[in-house]
Amino acid sequence: MTNEQLKVLGIDEKWLEPLNETFKKYEINTKERQSAFIGQCAHESGNFKTLQENLNYSAEGLMKTWPSRFPTKEMADQYARQPAKIAGKVYNGRLGNTSEEEAAKYLGRGLIQLTGKENYEHCGLGIGADLLADPALLLDPRYACLSAGWFWNKKGLNALADSKDFETMTKRINGGLIGLDDRKAKIANAFHALSV
């Protein structure tokens, strides 16, 4: 990957070294794999600009995003616009989090929004960083990128990039097909940029 290719994609040049390091470490080594990685990360991070999950939801947003956890307006009103409290409600007891404080501490960060104490621990071991002690490391381009590569590898996404199975890939990243058309467009755009 080159600075010129990043420019075409509207991605800041500070991502060049982290992307190339991640591509090498996780064998994201073909145009198909690299364009899928860039496209999915671009969708998840607002084109490499948003590296921390925004949980500042309105009551209506909570009910739409997590209908099983916020089934009524009255319940959602108790959490609206309180990110730490929202994190406690939606992530406590899941992903290795054993308290509301842990749920708020290990919310989504990095290019693919790594979430949960268990993922932070395992990813940290994989990339050589103590993410449990310093979760904010995932806001640094190098660790944001490496964490996405670790997740990519863990979920077997190179094989899905090779077969262009973007639906299964998207489900493995976010659990559903949210933003599938945007993801596909970003992958196609990245493929074009990498071909120039």
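Small disclaimer: the values here were computed from a predicted structure and weren't measured.

**A short note on helix 2 (residues 16-25)**
- Listing the buried residues of helix 2 in full gives Leu-16, Pro-18, Leu-19, Thr-22 and Phe-23.
- Each element contacted by the buried residues of helix 2 is listed here: helix 1 (3-9), helix 3 (31-44) and helix 9 (141-154).
- One or two residues past the end of helix 2 sits Glu-27, with phi positive at roughly 55°.

**What to know about the environment of Gly-93**
- Topologically, Gly-93 is positioned in the loop between helix 6 (83-91) and helix 7 (100-105).
- Remark: the alpha-carbon pair of Gly-93 and Leu-111, spanning 18 residues in sequence, is separated by 24 Å.

**Comments concerning the packing of helix 8 (residues 117-127) against helix 9**
- Packing of helix 8 against helix 9 brings their axes to within 10 Å, and their N-to-C directions diverge by 105°. Overall, the two elements helix 8 and helix 9 adopt an arrangement that is roughly perpendicular. Residues Asn-119, His-122, Cys-123, Gly-126 and Ile-127 of helix 8 form the contact with helix 9, whose own contacting residues are Tyr-143, Leu-146, Ser-147, Trp-150 and Lys-154.
- Each residue belonging to the contact of helix 8 with helix 9 can be placed in one class, and the counts come to 5 nonpolar, 4 polar and 1 charged.

**A word on the side chain of Glu-44**
- Examined against the element boundaries, Glu-44 turns out to sit in helix 3.
- With a relative accessible area of 18%, Glu-44 lands in the buried category.
- Sequence-distant contacts of Glu-44, that is, excluding residues within four places in its chain, are made with Thr-50, Leu-111, Ile-112, Gln-113, Ile-173, Asn-174 and Arg-183.

**Examining the packing of aromatic side chains**
- Taken as a whole, this structure holds 6 aromatic pairs when the rule is applied.
- Summarising the aromatic geometry, the rings of Trp-15 and Phe-48 are spaced 5.3 Å apart at their centres and angled 70° between planes, so their arrangement reads as edge-to-face. Of the two residues, Trp-15 is situated in the loop between helix 1 and helix 2 and Phe-48 in the loop between helix 3 and helix 4 (59-65); the sequence distance between them amounts to 33 residues. For the residue pair Trp-15 and Phe-48, the accessibility class agrees, reading buried in each case.
- Judged by centre distance (5.2 Å) and plane angle (75°), the rings of Phe-37 and Trp-152 are edge-to-face. Residue Phe-37 is found in helix 3, and its partner Trp-152 is found in helix 9; the two are separated by 115 residues along the sequence.
- A relative accessible area of 0% means that Trp-152 is categorised as buried.
- Grouping aromatic residues by their ring pairs yields a cluster made of Phe-23, Phe-37 and Trp-152.

**Description of the environment of Gly-46**
- Here Gly-46 lies in the loop between helix 3 and helix 4.
- Given a relative accessible area of 42%, Gly-46 falls into the partly exposed group.
- Along the backbone, Gly-46 and Leu-111 are 65 residues apart, and their C-alpha atoms lie at a distance of 9.1 Å.

**Side note on the environment of Glu-27**
- You can see Glu-27 is positioned in the loop between helix 2 and helix 3.
- By relative accessible area, Glu-27 is classed as exposed at 52%.
- The spatial distance from the C-alpha of Glu-27 to the C-alpha of Asn-158 is 8.0 Å, given a sequence separation of 131 residues.
- Residues contacting Glu-27, with those up to four places away along its chain left out, are Arg-33 and Asn-158.

**Thoughts on the packing of helix 2 against helix 9**
- Across the interface, helix 2 lies against helix 9 with an axial gap of 9 Å and an inter-helix angle of 25°. Comparing the axis directions of helix 2 and helix 9 gives the class roughly parallel. The way helix 2 lies across helix 9 gives a crossing that is right-handed. Residues Pro-18, Leu-19, Glu-21, Thr-22 and Lys-25 of helix 2 pack against Pro-141, Arg-142, Cys-145, Leu-146 and Gly-149 of helix 9.
- Here the residues of the contact of helix 2 with helix 9 sort into 5 nonpolar, 2 polar and 3 charged.

Rules and cut-offs
Residues numbered from 1 in each chain as written. Predicted model: local features only at pLDDT ≥ 70, side-chain atom pairs only at ≥ 80, totals over all residues. Heavy atoms only, no water. Buried < 20%, exposed > 50% of the residue type's maximum accessible area, 1.4 Å probe, protein only. Helix = DSSP H or I, 4+ residues; strand = E, 2+ residues; numbered from the N terminus. Contact = heavy atoms within 4.5 Å. Axes fitted to C-alpha atoms, helices over the stretch in contact; angles between N-to-C directions. Parallel < 35°, antiparallel > 145°, perpendicular 65-115°, else oblique. Nonpolar A, V, L, I, M, F, W, Y, C, P; charged D, E, K, R; others polar. Phe/Tyr/Trp six-rings, centres within 6.5 Å; stacked < 30°, edge-to-face > 60°. Left-handed = near helix turned anticlockwise from the far one by under 90°.

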